[in-house]
Amino acid sequence: MNVAYFPGCSLHGLAKEYGISVEVVCKHLGINLNEIEDWNCCGATAAHSLNHELTISLSARNLAIARDMKMNKVLAPCAGCFSRLKGASYELRNNSVLAAEVGEIIQAEPPVEPEVSNLLQFIMEDQGLNAVAEKTIKPLQGLKLAAYYGCLLTRPKDVVQFDDPEQPISMDLILQAMGADTVVWAHKAECCGGGYAASDTDIVLDLSGQVLESAQQAGADAIVVACPMCGVNLDSRQEAIAAKKGKKYDLPIIYLTQLMGIAFGYSPAQLGLKRLLTSPFPLLQSKGLA
Amino acid sequence: MHNTADFYHVLRIDQTSNSLREEIKEHCHTDIEMCLECGKCSGGCSNAHIFDITPRKIIQLIKIGEEAKLLKMDALWSCVACQLCVDRCPSSINIPKIMDYMREKAYKQCVPATRPNVELFHELMLGSIKQYGRVAEALMTVQFNIKSKQYTKDAEMGIKMFFKGKLNPLPSRIKNVQQVRRMFRNIPAQREG
Amino acid sequence: MNNRKKTALIIGGGVAGMEAAIKIGNAGYQVLIVEKEPQLGGALNKLYSSFPRWENPQDLVDDKVKKIEKCSAIKTMLNTVVTSAERKEKTFIVNLDSASVSEQVEVDAVVLATGFEMFDASVYGEYGYGAFENVYNSLEFEDQLKAMAGKDKSELPQVVAFFKCVGSRDRSKGFPYCSKICCMYTAKQAGVMKDLNPDAKCFVFYMDYRATGKEYEEFVRSVIEEKHVRYVRGRPAKVLPENGKLMIRAEDTLMGVPVEVAADMIVLASAIVPNAKTGELAEMFAAKTDQYGFIEYDSKNPVQAGERVFFAGACGFAVESLGAQHQGAAAAADVVALFNQD
């Protein structure tokens, strides 16, 4: 299967291991990732915060290139990029005045054609749980995981139209298909603080702290993420959260594709597991998975 | 128009204006007259506990045209755009979109941001996109720390990240960065004055 | 000319259907009640108490059943459903199905009294219905009340929260309409909870309370003032299990601040929706339904749904037992008048 691939800045930077493992897993599933040629940053929180036309235009340029590559589907594993691309696509389809303006700005036909999927949606709708189960040669037995969806993989519901925004289940099902247990927990769809990691760190410490607390209370061994912002906030801020709360969590924050890679038989080195700040190795080794 | 920004007096709601509601309806495609005044938006808001004005009150202020107060509010700079409010609203009122609209308006009018660092971070990010077409988190963080005078912020974490191979010193400039710059130019002026 | 006695078919043996049957039967016409459940009484059978007089709903059911048994003109078929019907000028040929037999009957008028169901609250993932333990809809909570009665209060929940308007007054996840009876039964349930466990803290989250019937306002006030149920104005936003409790996040809209309640049990006043079979039956008898599936009324004939077809009770719209009896009696009057004129 051919699909346009939008890695976004984080998968080349702070969440390199997410990018690496996405590529490994997709290749294994027989998916050809065609990176959008010369893609630009989606604008993330900054663009939508300050300039509506800019945020739509930045995504429109990327979608237009995907269209010109004759791709009808774009895979955006970063939930932030996904949200921008999907949101832009939704507005271009539903607001013809805006679409015309954006066409002028990017000097191209407004790209309404390509569908945009996040990783969970792509696995559920284009691959299926059976494909994941069939490829599993090293079941994730004994792992008790908190599937964390955060905000933008399922919200806003009218735009994303995938899974339940309050009690999402798709990632749980994918993990279960690989033999893992998932916990029922409160904060699976609450916010980690998103784009405030650098600019107003206290917000992230507060919200990510609640997520860690909730996962631990539910008895999870680790939190599984499919978004680099969630991943980086929860992983890299654990020390600061511990200092603030006086309570250490030491919960590994693992990208979904890293666990898929393990289940599919890849080595931790091939999946960038060493790059995680909170080491997942004691946990994985205790279950014979690393 | 008398000053209704601070409620030290009895508010004459017969003298308030409906124009902000209409403006928001036109630009945000959302009608705040559908508000049931239930507070569900504010009860579950990720950051309502630190907001100066909760989402439900924002809607009330729009009804009475309290634009000046809205443009100055801290909520504009502490909203995490988590989309919980719009999904839970029984009338699907698009509060995140209203937040974006009001923030953009405040920014254009050079109303001082209550959290200048948040505004600064956004500006640096857009600057990087304009210059390179992409963003390098490391470079941006250094720029941010210098400009916000927090020279040692996250330094320890940054070192760890560097050794984990997560920090690229420079973003890779895209080939057609000229096209991205042209897009920035094609968009109407971002700030007045 | 057919010598057969005029017969009315009542579909649904809840309080509305029973009332219609009693009035028609006592006026001298034949009545056939078809009830899918193994007993008469409908939703009242599930209730622990009633508003606004704190009565035992079973007394009302027993009274109606006694009157039905006393009236030889009324025949009751339990565990039975209507499978098809055909209109023949002034009569209907109706096929009935029960576990033991299939039967065909000829009737001269029909009263639809199929009642209601509760909206599926699992649509509200934020409230965790179906996902978390101890989150019930209001009908399920009546069962809980029955189970709690007689127990030592140390075994009962200490903090119970009631959410109104779950599916009602919600154009996003439910329906724009107000389900009309939730304000009253929620006050009743919170009041009963306080009676069973005076130490319990009960919170009712409300947008506004609608007490628009005789003795209703006084009833709600007594729950607040005498039973000390705490009313919090605001629609809850999220339930987050925490340390074995259900942490509720809401805004107290009077104070304008976010508030939390750590509850042991949550009761969701789910919207009233028509019984799932209503649409099918309405179609069989050419009765109109509205956009929500309730039987549509005619402003000039409020309990008539079509030619020789009448309705009563919650299949027309949410209604309390008192109103259901009024409507049952009104439908009976229409049937009797029709039969008298035939």
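Anything mentioned here points back to the structure above.
Caption draft 1: Structural context of the pattern of salt bridges. All names here are of chain C. Counting across every chain of the model gives 52 salt bridges over all chains. With a shortest N-O distance of 3.4 Å, Arg210 and Asp208 are connected by a salt bridge. On the basis of relative accessibility, which here comes to 33%, the residue Arg210 falls in the partly exposed class. For Asp208, a relative accessible area of 29% puts it in the partly exposed group.

Caption draft 2: Just the nonpolar core, in detail. In this structure, Leu175(A), Met178(A), Ile223(A), Leu256(A) and Leu259(A) are the most contacted members of the largest nonpolar core, which totals 168 residues. It is helix H3 (residues 52–68) of chain A that provides the largest number of residues to this core, a total of 8 residues. Non-local contacts of Leu175(A), meaning those with residues more than four positions away in its chain, are made with Leu145(A), Ala147(A), Ala180(A), Thr182(A), Val224(A), Leu256(A) and Leu259(A). Formed by 35 residues, the second largest nonpolar core is a distinct cluster that contains Met118(C), Phe162(C), Ile224(C) and Met265(C).

Caption draft 3: Spotlight on the interface of chain A and chain B. Listed as interface residues are 63 residues of chain A and, on the opposing side, 58 residues of chain B. Together, the buried faces of chain A and chain B total about 5200 Å²; carbon and sulfur atoms form 55% of this surface. The interface formed by chain A and chain B holds 7 salt bridges in total. The residue Glu239(A) makes a salt bridge to Lys160(B) at a minimum N-O spacing of 2.7 Å. Put simply, chain A and chain B have 33 residue pairs in polar contact (both at pLDDT 80 or more) between them. Secondary structure elements with two or more residues in the side of chain A that touches chain B: helix H1 (16–28), helix H2 (44–50), H3, helix H5 (96–106), helix H8 (157–160), helix H10 (201–217) and helix H11 (228–236) of chain A. Broken down by element, the side of chain A that touches chain B gets its largest block of residues, 7 residues, from H2(A).

Caption draft 4: Summary view of the pairing of strand E4 (residues 80–88) of chain C. Residue and element names in this part refer to chain C. Relative to strand E5 (residues 91–98), E4 is paired through 8 bridges, and the arrangement is antiparallel. Paired with Thr80 across the bridge in E5 is Ser98. Linkage of E4 to E5, two consecutive antiparallel strands, is achieved through a turn of 2 residues, within which Glu89 is found at a positive phi near 45°.

Caption draft 5: Structural view of the packing of helix H6 (residues 119–127) of chain A against helix H9 (residues 170–177) of chain A. Residues and elements named next belong to chain A. The N-to-C vectors of H6 and H9 enclose an angle of 60°; their axes lie 10 Å apart at closest approach. On the basis of their axis angle, the class for H6 and H9 is oblique. As H6 runs across H9, the sense of the crossing is left-handed. Two secondary-structure elements touch here, H6 through Leu120, Ile123 and Met124 and H9 through Ser170, Met171, Leu173 and Ile174. Considered class by class, the residues forming the contact of H6 with H9 number 6 nonpolar, 1 polar and no charged.

Caption draft 6: A look at helix H11 (residues 177–186) of chain B. Every buried residue of H11(B) is accounted for by Val177(B), Gln179(B), Val180(B), Met183(B) and Phe184(B). The buried residues of H11(B) all sit within an arc of 160° when viewed along its axis, so they share a single face. Looking at the buried residues of H11(B), the elements they touch are H3 and H5 of chain A together with helix H8 (116–132) of chain B.

Caption draft 7: Inspection of the interface of chain A and chain C at higher detail. With 10 residues of chain A at the interface, the matching set in chain C holds 13 residues. Contact between chain A and chain C buries roughly 1000 Å² in total, counting both sides, with carbon and sulfur atoms accounting for 44%. Looking at the side of chain A that touches chain C residue by residue, the classes come out as 2 nonpolar, 4 polar and 4 charged.

Caption draft 8: Geometry of the side chain of Arg115(B). Mapping Arg115(B) onto the fold places it in the loop between helix H7 (95–108) and H8. The buried category is assigned to Arg115(B), whose relative accessible area is 18%.

Caption draft 9: Layout of a nonpolar patch on the surface. There is a patch of nonpolar side chains on the surface, built from Val142(B), Ile146(B) and Tyr151(B) and spanning about 330 Å² of accessible area. Residue position: Tyr151(B) is located in the loop between helix H9 (137–147) and helix H10 (155–163).

Caption draft 10: Fine view of the sheet that holds strand E12 (residues 230–233) of chain C. Residues and elements named next belong to chain C. With parallel pairing, 5 strands are arranged side by side in an open sheet as E9-E16-E10-E11-E12. The sheet terminates laterally at strand E9 (135–137) and E12, the two strands that pair on one side only. Sheet twist, expressed as the average angle between the axes of neighbouring strands with direction ignored, equals 25°. Bridge count for strand E10 (residues 159–166) against strand E11 (residues 201–206) is 5 bridges, and the pairing is parallel. Counterpart to Phe163 in the pairing with E11 is Phe205.

Rules behind the numbers
Residues numbered from 1 in each chain as written. Chains lettered and ligands numbered in written order. Predicted model: local features only at pLDDT ≥ 70, side-chain atom pairs only at ≥ 80, totals over all residues. Heavy atoms only, no water. Salt bridge = Lys/Arg side-chain N within 4 Å of Asp/Glu carboxyl O. Buried < 20%, exposed > 50% of the residue type's maximum accessible area, 1.4 Å probe, protein only. Core = buried A, V, L, I, M, F, W, Y, C linked by side-chain atoms within 4.5 Å. Helix = DSSP H or I, 4+ residues; strand = E, 2+ residues; numbered from the N terminus. Contact = heavy atoms within 4.5 Å. Buried area = accessible area lost by both parts, 1.4 Å probe. Polar contact = N/O pair within 3.5 Å; in protein donor to acceptor, adjacent residues only side chain to side chain. Pairing = 2+ DSSP bridges. Axes fitted to C-alpha atoms, helices over the stretch in contact; angles between N-to-C directions. Parallel < 35°, antiparallel > 145°, perpendicular 65-115°, else oblique. Left-handed = near helix turned anticlockwise from the far one by under 90°. Nonpolar A, V, L, I, M, F, W, Y, C, P; charged D, E, K, R; others polar. Arc of directions from axis to C-beta. Patch = residues over 30% accessible without salt bridge, like charges linked within 9 Å, V, L, I, M, F, W, Y side chains within 5 Å. Areas by Shrake-Rupley, 256 points an atom, 1.4 Å probe, with all protein chains shown as cover.

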